[in-house]
Amino acid sequence: MGFSNFLKLSENPEVYPPQEDTLFLTDILEREFQKEVLANSNSFLVCEVGVGTGFISIVLGKKYPQIHFIGVDISSQATKICYKNMSEWLQRTQFDVLCMDLLCGFNPSRFFPSIVFFNPPYLRTTQEEMMKEPLPRTWAGGPTGIMVIQEFLKTLTKIRFGKAYFLSSIYNTNELFSVQFQEFYIQVIAEKKIEDDKLICYEVQYKRKPK
Ligand SMILES: C[S@@+](CC[C@H](N)C(=O)[O-])C[C@H]1O[C@@H](n2cnc3c(N)ncnc32)[C@H](O)[C@@H]1O
């Protein structure tokens, strides 16, 4: 794909390259960050789950050097490439990269991100495809398309955060989110038609801030 050309990012055949969904989420977050930066003049912490090559966090990090980014990915290849890319484009003090399953390794009493976001595996696939390393795992969301998203939302319930954003597809059984995660307001904030699919961006906030 050519999206990395203007950022000159390193890629790897085992790592999801920036695509239309990556750009869609980047555009939305650029808008949302502007609001957040206006509201919080101080620096704050952002966590990108499934960081891949690091494209989204790098675009945002270049624009907002006062924000600290933590990029997490379950793929060690992705975290290696992401570390290399972030080192080229961001100040070393501005980011950390961790190889981890979702947010599972964070200590909830010490980790308070203002923003968490995830361009997850959301395509409807077989269960077996979800287990296939390395590339199918980057897009395979299982038979409902939302299996990784549901796990992500479960881990979000364990931490205190300001806002979270994630993508899903119109073909997925998205109405499950609000039923299963009643502690959150989960609302659609943007949609985009891409080839035969329609991508949806959700915003997540606690109904009542956890203590
Ligand atoms: C659709 S790709 C998005 C990559 C990049 N953020 C982008 O937008 O181009 C999904 C990413 O999530 C990662 N991923 C999948 N399951 C994960 C999990 N359980 N924990 C952390 N990362 C995961 C994959 O390795 C992959 O890099």
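Bear in mind that the values here come from a model prediction, so they are computed numbers and not experimental data.

### Considering the sheet that holds strand S1 (residues 45-49)
- Taken together, the 7 strands give an open sheet; going across it, the order is S3-S2-S1-S4-S5-S7-S6, and neighbouring strands pair in mixed fashion. Since the sheet does not close on itself, it has two edges, and those belong to strand S3 (95-99) and strand S6 (184-194), each with one partner. If you compare each strand with its neighbour and ignore which way they point, the axes differ by 20° on average.
- Relative to strand S7 (residues 197-206), S6 is paired through 10 bridges, and the arrangement is antiparallel. Counted as the bridge partner of Tyr-185 is Gln-205 from S7.
- Sheet strands in contact with helix H3 (residues 76-89) are strand S2 (68-73) and S3, and its direction is about 170° off that of S3.
- Packed onto the sheet, helix H6 (residues 147-156) meets S1, strand S4 (115-118), strand S5 (163-169) and S7 and runs at close to 170° relative to S5.

### Let's talk about the site of the ligand
- Taken together, 23 residues lie near the ligand, and Thr-22, Gly-50, Gly-52, Ile-74 and Asn-119 sit nearest.
- A per-element tally of the shell around the ligand places helix H5 (residues 136-139) first, with 3 residues.
- Residues of the shell around the ligand, tallied by class, amount to 14 nonpolar, 6 polar and 3 charged.

### Side note on the environment of Val-51
- For Val-51, the location among the structural elements is in the loop between S1 and helix H2 (55-63).
- Among the residues examined, Val-51 registers 32 C-beta atoms within 10 Å and is labelled buried.
- Distance from Val-51 to Thr-79, taken between C-alpha atoms, is 7.7 Å for residues 28 residues apart in sequence.
- Apart from residues lying up to four places away in sequence, Val-51 is in contact with Ser-57, Gly-71, Val-72, Asp-73, Ala-78, Cys-82 and Val-97.

### Points about the packing of helix H1 (residues 20-39) against H2
- Two elements in contact, H1 and H2, have axes separated by 10 Å at closest approach and are oriented at 30°. Classed by the angle they form, the pair H1 and H2 counts as roughly parallel. Between H1 and H2 lies a crossing whose hand is right-handed. Residue-level inspection shows Thr-22, Leu-25, Thr-26, Leu-29, Glu-30 and Phe-33 of H1 in contact with H2, the latter providing Phe-55, Ile-56, Val-59 and Leu-60.
- Counted by class, the contact of H1 with H2 contains 7 nonpolar, 2 polar and 1 charged residues.

### Some remarks on the environment of Cys-201
- Among the secondary structure elements, Cys-201 is positioned in strand S7.
- A tally of 23 C-beta atoms within 10 Å means that Cys-201 is categorised as buried.
- C-alpha separation for the pair Cys-201 and Asp-101, spaced 100 residues apart in sequence, amounts to 22 Å.
- Once you skip the residues sitting within four places of it in the chain, Cys-201 turns out to touch Leu-25, Ile-28, Tyr-165, Leu-167, Ile-189 and Ala-190.

Calculation criteria
- Residues numbered from 1 in each chain as written.
- Predicted model: local features only at pLDDT ≥ 70, side-chain atom pairs only at ≥ 80, totals over all residues.
- Pairing = 2+ DSSP bridges.
- Helix = DSSP H or I, 4+ residues; strand = E, 2+ residues; numbered from the N terminus.
- Axes fitted to C-alpha atoms, helices over the stretch in contact; angles between N-to-C directions.
- Contact = placed C-beta atoms within 7 Å.
- Near = placed C-beta within 6 Å.
- Nonpolar A, V, L, I, M, F, W, Y, C, P; charged D, E, K, R; others polar.
- Buried ≥ 20, exposed ≤ 12 C-beta atoms within 10 Å, placed from the backbone.
- Parallel < 35°, antiparallel > 145°, perpendicular 65-115°, else oblique.
- Left-handed = near helix turned anticlockwise from the far one by under 90°.

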